[in-house]
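Now for the letters of each chain:
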Amino acid sequence: MIKAIPSAALGAALLAGPALAAAPLPSAAWVISPAEGGCRTDLELAGRSGALAPVTLVSDGERLILRFARDSLPEQAFLAVRIDQKRFSNLMTRTADPAVGELTLSAETEAALRKGRSFDIAWLGMEPMGASLGGSEQGLADLRACGAQAAERARIARDSAAAHAREAEAAAHRRALADEELRTARAQAEAAEAERRRAADEAAARQAELDARRQQAAYEAQRDAYEREMAEREAAEREAYQRRRAYEYQPQPYQPPPWAYRRY
């Protein structure tokens, strides 16, 4: 919502604006300085009492803004300035700093500034404040040209920064994808290695079981052969013993004792 600055002093200053022409006004130096996204020139307005009020004209090559400081600024207001005692109204918006406002000057106001001789603001302080516009035509032309170049450089810098940010983001995305692919490959390799180890362990377990069965079978075969050998040996010994016993107990033919053949 657009509001006027609620101050009775501002209204009195607006009415007193034409009287400022009789007071000597400070001349603008029109020193152009690059600023963020544009260029600026500082003006110093003076009142009848000798009070000074600095303001700044800022241009980005497209807009011309009057930046000033004043307490109790509304968010928006439609304020007037006077150029050669002619009133020009423009939209004011409050910046992030509540004590700083920006008056966006219309094309009509800028044209009047280029050709004007005096510049007055009635609401900037407790009294009307003004300055001489000597050299304003060249000064404003230089300000707009400088602002256009600075804005173009700022745009190029922003585009370059945005391109670098996009490239960095793309590189980060590529690195993230590569890292994810590497993690996936590692996980697959680890899974394959785990499967290989599991298969190897199972094969080793089967081989160990087979070797154990073979050893058991060999042991049983060796035991059976030993038992057979022992059984055969015992059978042979029994048979030999029985033959020996049969021979020992076999009846022998009678033979008379030696004395039976003795002659008397």
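Residues numbered from 1 in each chain as written. Predicted model: local features only at pLDDT ≥ 70, side-chain atom pairs only at ≥ 80, totals over all residues. Heavy atoms only, no water.

Chemist: Looking at this structure, I do not really get the overall build of the chain. What am I missing?
Modeler: A tally of helices and strands in the chain yields three helices and nine strands. Mapped from its N terminus to its C terminus, the chain presents α and β elements in the order α-β-β-β-β-β-β-β-α-β-β-α. The 264 residues of the chain split such that 28% are buried. Considering only contacts in the chain between residues 6 or more positions apart, those separated by 24 or more positions represent 60%. (Helix = DSSP H or I, 4+ residues; strand = E, 2+ residues; numbered from the N terminus. Buried < 20%, exposed > 50% of the residue type's maximum accessible area, 1.4 Å probe, protein only. Contact = heavy atoms within 4.5 Å.)

Chemist: Would you explain the environment of tryptophan 30 in this entry?
Modeler: Relative to the assigned elements, tryptophan 30 resides in the loop between helix H1 (8-15) and strand S1 (33-35). Overall, the relative accessible area of 12% leaves tryptophan 30 in the buried class. Dropping the residues within four chain positions of it, tryptophan 30 is found in contact with Thr41, Leu43, Leu57, Leu133, Gly134, Gly135, Ser136, Gly139 and Leu140. Of the polar contacts made by the side chain of tryptophan 30, one reaches the backbone oxygen of glycine 134; its length is 2.9 Å. (Polar contact = N/O pair within 3.5 Å; in protein donor to acceptor, adjacent residues only side chain to side chain.)

Chemist: I tried to follow the packing of aromatic side chains on my own but got confused; where do I start?
Modeler: For any pair of aromatic rings, the description rests on two quantities: the centre-to-centre distance and the angle between the ring planes. Taken as a whole and judged by the stated rule, the model has one aromatic pair. Consider the rings of phenylalanine 68 and tryptophan 123, whose centres lie 4.9 Å apart with planes at 65°: the pair is edge-to-face. Residue phenylalanine 68 is located in strand S4 (residues 64-69), and its partner tryptophan 123 is located in the loop between strand S8 (118-121) and strand S9 (129-132); the two are separated by 55 residues in the primary sequence. Each member of the pair, phenylalanine 68 as well as tryptophan 123, carries the same accessibility label: buried. (Phe/Tyr/Trp six-rings, centres within 6.5 Å; stacked < 30°, edge-to-face > 60°.)

Chemist: I tried to follow helix H2 (residues 107-115) on my own but got confused; where do I start?
Modeler: In an α-helix, one turn spans 3.6 residues, which is why side chains three or four residues apart end up on the same side. Listing the buried residues of H2 in full gives Thr109, Glu110, Ala112 and Leu113. Buried residues of H2, seen end-on, are gathered within an arc of 160° and therefore sit on one face of the element. Away from its buried face by more than 90 degrees, H2 exposes Ala107, Glu108 and Lys115. (Arc of directions from axis to C-beta.)

Chemist: Please explain the nonpolar core as it appears in this structure.
Modeler: One broad rule of soluble globular proteins: the nonpolar side chains tend to lie buried together. Formed by 33 residues in total, the largest nonpolar core has its most connected members in Leu57, Leu103, Phe119 and Leu124. In this structure leucine 124 touches Leu45, Ala53, Val55, Phe68, Ala69, Arg70 and Met129, once residues within four positions along its chain are discounted. (Core = buried A, V, L, I, M, F, W, Y, C linked by side-chain atoms within 4.5 Å.)

Chemist: Would you mind going over the side chain of serine 59 with me for this structure?
Modeler: Mapped onto the secondary structure, serine 59 falls in strand S3 (residues 52-59). Engagement of the side chain of serine 59 in a polar contact is seen with the backbone nitrogen of glycine 61, the distance being 3.1 Å. Discounting residues that sit within four places of it in the chain, serine 59 has contacts with Gly38, Cys39, Leu64, Leu143, Arg144 and Gly147.

Chemist: Honestly, the side chain of asparagine 90 in this entry has me stumped. Any pointers?
Modeler: When you line up the elements, asparagine 90 lands in strand S6 (residues 86-94). There is a polar contact of 2.8 Å between the side chain of asparagine 90 and the backbone nitrogen of serine 106. In contact with asparagine 90, other than residues within four places in its own chain, are Ala77, Phe78, Leu79, Val81, Leu103, Thr104, Leu105, Ser106 and Thr109.

Chemist: Can you help me understand the environment of threonine 56 in this one?
Modeler: Its place among the elements puts threonine 56 in strand S3. Sequence-wise, threonine 56 and phenylalanine 68 are 12 residues apart; in three dimensions their C-alpha atoms are separated by 6.5 Å. In this structure threonine 56 touches Arg40, Thr41, Asp42, Ile65, Leu66 and Arg67, once residues within four positions along its chain are discounted. Separated by 3.4 Å, the side chains of threonine 56 and arginine 40 make a polar contact.

Chemist: Sorry, what's going on with the pairing of strand S2 (residues 38-46) here?
Modeler: For a regular strand, side chains alternate in direction, first toward one face of the sheet and then toward the other. Judged from the three bridges that link them, S1 and S2 form a sheet pairing that is antiparallel. The residue bridging alanine 35 from the neighbouring strand is glycine 38, located in S2. Two successive antiparallel strands, S1 and S2, enclose a turn made up of two residues, where glycine 37 displays a positive phi of approximately 75°. Bridge count between S2 and S3: eight bridges; the pairing is antiparallel. From the neighbouring strand, alanine 46 faces S3, where its bridge partner is leucine 52. The turn linking S2 back onto S3 is made up of five residues, and glycine 50 within it adopts a positive phi angle of 95°. (Pairing = 2+ DSSP bridges.)

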